[in-house]
Amino acid sequence: MNEIEDKKTFAQFFKEKRIALGMTFRELAIHIYGDEKKFSYLSKIERGERNPTYENAKFILEKLNCNLNIEEL
């Protein structure tokens, strides 16, 4: 996968997870960061406008009770 595909894949997963949890961006920001002001950043990730760093993606996924796996293809 290239960077654009990775961003789209992460954004799609993130959106599906947020919807499955039944959370707004503000609720999700509080859940992940403990700060509702981060809702804009999370919204941009979901829309594919921002690409989190590896460390931040891992942090977000851990807060969502998920993990990041890298597989050799």
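Just above, that's the structure.
Caption draft 1: How the structure looks around the packing of aromatic side chains. Under the defined criterion, the tally for this structure stands at 2 aromatic pairs. Note on Phe 10 and Phe 14: the rings are 6.2 Å apart at their centroids and 10 degrees apart in plane angle, and the pair reads as stacked. Of this pair, Phe 10 and Phe 14 both sit in helix H1 (residues 3-21), 4 residues apart, which is roughly one turn of the helix. Of the two residues, Phe 10 and Phe 14, neither departs from the other in class, the shared state being buried. The ring of Phe 39 is capped by Arg 26, whose NZ or CZ atom sits 3.9 Å from the centre of that ring. Over the face of the ring belonging to Tyr 33 we find Lys 38, whose NZ or CZ atom lies 5.1 Å from the ring centre.

Caption draft 2: Just H1, in detail. Spanning 19 residues, H1 covers 27 Å between terminal C-alpha atoms, matching the ideal 27 Å at 1.5 Å per step. Of the residues making up H1, those classed as buried are Phe 10, Ala 11, Phe 14 and Arg 18. Around the axis of H1, the buried residues are gathered within 100 degrees of arc, so they sit on the same side. Exposed side chains of H1 directed beyond 90 degrees from the buried face belong to Lys 8, Ile 19 and Ala 20. Structurally, H1 contributes buried residues whose contacts are with helix H2 (25-33), helix H3 (39-46) and helix H4 (54-63). Phi for Gly 22, located one or two positions after H1, is positive at around 70 degrees.

Caption draft 3: Fine view of the packing of H1 against H3. Put simply, H1 and H3 touch, their axes get as near as 8 Å, and they point 120 degrees apart. Between H1 and H3, the angle is such that the two are oblique. Within the contact between the two elements, H1 uses Phe 10, Ala 11, Phe 14, Lys 15 and Arg 18 and H3 uses Leu 42, Ile 45 and Glu 46.

Rules used throughout
- Residues numbered from 1 in each chain as written.
- Predicted model: local features only at pLDDT ≥ 70, side-chain atom pairs only at ≥ 80, totals over all residues.
- Heavy atoms only, no water.
- Phe/Tyr/Trp six-rings, centres within 6.5 Å; stacked < 30°, edge-to-face > 60°.
- Helix = DSSP H or I, 4+ residues; strand = E, 2+ residues; numbered from the N terminus.
- Buried < 20%, exposed > 50% of the residue type's maximum accessible area, 1.4 Å probe, protein only.
- Lys NZ or Arg CZ within 6 Å of the ring centre and 35° of its normal.
- Expected span 1.5 Å × (residues − 1).
- Arc of directions from axis to C-beta.
- Contact = heavy atoms within 4.5 Å.
- Axes fitted to C-alpha atoms, helices over the stretch in contact; angles between N-to-C directions.
- Parallel < 35°, antiparallel > 145°, perpendicular 65-115°, else oblique.

Read these as geometric descriptors, not functional statements.
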